[in-house]
Amino acid sequence: MPRTQQRKLENLAGKLGKCRRENTFLDGEDEDVKAVESLEDVDRVLKHLADGDVERVGYKVGLNLPEGAFRGVGLAEPFTAPILKGWVVGDGAEVSGLYATRPGIAEAEWGFIIGKDLPSSTSPMDLDQVAAATSHLCLCIEIAASCMQGPSLTLLQKLSDHGLCTSVVVRPLCPTAPLLETETGLEVLAEQDVSLSVNGKRVVGPAAANPLKELHRLIRLTHSKGQGLQKGDLVITGAVVKHVGLKPNDQVVASFQHPTGDELVHVKCSIGAQEPTN
């Protein structure tokens, strides 16, 4: 890659990080924004931020579309992005900052805590090995907003934007070991009903993807980039129902059918409101 291109992507990571911290916008016509021309460029922007002073605590799967749907959006497969320290909050938290000043979206997602180090390897893992590498199952809401603005933003530019403008609400649910002893194992998660509600209005739908297979795909993608996962990492595996739009003061609840039965379990958060200025 030309040094000029690399420098622009590094600059973009810095600008987006500053926008997130200071609750400001970046013009979509900025020359560093226009440097994002491929999925590899998105990876470089996200990796540059994760290689800085902010600790990585996990990964997310983005655009977990059905098989065959990627051609329509110009991608070969889902993308991965780091989750950084400070982006993860607990069940019932108020998510504020930039989310209180601009529209956003919420997604309901299954999450996993990784139970052992998974260093980069050229030896592929099968689904059973991936399942055995987890320690806990989590209920998650991903909240995403945008720091870029402008009518001409491309999908790839929006991916690098949303990858840095994420908060994850997490409720640890249960250890995965007992689930692995059942006949269906973690594959059962693909069959569980999930719904997402904002201010009591529910969005219901079937799982968009198998969470275990998305975890498997994420491990393969990170290993292919020479990256590994560490014990304790959080991995969120993509939306399992249609996302919903958000605005300040919204109340968000994601409801999941417990993998061991029909009981519903929930994770929730609220979106803060912008403080009035004098």
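Residues numbered from 1 in each chain as written. Predicted model: local features only at pLDDT ≥ 70, side-chain atom pairs only at ≥ 80, totals over all residues. Heavy atoms only, no water.

**Here's the deal with unusual backbone geometry**
Point 1. Here Asn199, not a glycine, exhibits a phi torsion of approximately 55 degrees, which is positive.
Point 2. Assignment of secondary structure puts Asn199 in the loop between strand 10 (194-198) and strand 11 (201-205).
Point 3. The exposure class assigned to Asn199 is partly exposed, which follows from its relative accessible area of 46%.
Point 4. A positive phi angle, close to 80 degrees, is found at Asn249, a residue other than glycine.
Point 5. Looking at the element boundaries, Asn249 is found in the loop between strand 13 (244-246) and strand 14 (251-257). (Helix = DSSP H or I, 4+ residues; strand = E, 2+ residues; numbered from the N terminus. Buried < 20%, exposed > 50% of the residue type's maximum accessible area, 1.4 Å probe, protein only.)

**Side note on helix 6 (residues 211-224)**
Point 1. Along its 14 residues, helix 6 runs 20 Å from first to last C-alpha, staying within 8% of the 20 Å computed at 1.5 Å per residue.
Point 2. Counting buried residues along helix 6, ten of its 14 residues qualify, which places the element largely inside the surrounding structure.
Point 3. Along helix 6, the residues that are buried comprise Pro211, Leu212, Glu214, Leu215, Arg217, Leu218, Ile219, Leu221, Thr222 and His223.
Point 4. Residues of helix 6 that are buried make contact with strand 2 (56-62), strand 3 (79-84), strand 6 (104-114), helix 3 (127-132), strand 7 (134-144) and strand 12 (234-236).
Point 5. Trailing helix 6 by a residue or two, Gly226 shows a phi angle of about 75 degrees, which is positive. (Expected span 1.5 Å × (residues − 1). Contact = heavy atoms within 4.5 Å.)

**Quick word on the pattern of salt bridges**
Point 1. With the rule as written, the count across this model stands at ten salt bridges.
Point 2. Across the pair Glu214 and Arg217 runs a salt bridge, and its minimum N-O distance is 2.8 Å. Here Arg217 and Glu214 lie together in helix 6, a separation of three residues that amounts to about one turn.
Point 3. Taking relative accessible area as the criterion, Glu214 reaches 5% and is therefore assigned buried.
Point 4. Look at Arg217 and you get buried, because its relative accessible area is 12%. (Salt bridge = Lys/Arg side-chain N within 4 Å of Asp/Glu carboxyl O.)

**A short note on the confidence of the model for the protein**
The predicted coordinates should not be examined in detail at positions where pLDDT is low.
Point 1. Per-residue pLDDT for the protein averages 84, and the proportion of residues at 70 or more is 87%.
Point 2. Ranking the elements of the protein by mean pLDDT puts helix 4 (residues 155-164) last, at 72, and strand 12 first, at 96. (pLDDT = per-residue confidence, 0-100.)

**Quick look at the side chain of Ser197**
Point 1. Mapped onto the secondary structure, Ser197 falls in strand 10.
Point 2. Residue Ser197 is classed as buried on the basis of its relative accessible area, which comes to 13%.
Point 3. Here Ser197 is in contact with Arg202, Gln251, Val252 and Val253, once residues within four sequence places are set aside.

**Things to note about a negative patch on the surface**
Point 1. Together, Asp126, Asp128, Glu187 and Glu191 line one region of the surface with negative charge.
Point 2. Relative to the assigned elements, Asp128 resides in helix 3. (Patch = residues over 30% accessible without salt bridge, like charges linked within 9 Å, V, L, I, M, F, W, Y side chains within 5 Å. Areas by Shrake-Rupley, 256 points an atom, 1.4 Å probe, with all protein chains shown as cover. Lys, Arg positive; Asp, Glu negative; His and termini not counted. Charge placed at Lys NZ, Arg CZ, Asp CG, Glu CD.)

**Considering the nonpolar core**
Point 1. Trp110, Ile141, Val252 and Phe256 are the most contacted members of the largest nonpolar core, which has 68 residues in total.
Point 2. In this structure, Ile141 is in contact with Ala106, Glu107, Ser167, Val168, Val169, Val252, Ala254, Val267, Lys268 and Cys269, ignoring residues within four places of it in sequence. (Core = buried A, V, L, I, M, F, W, Y, C linked by side-chain atoms within 4.5 Å.)

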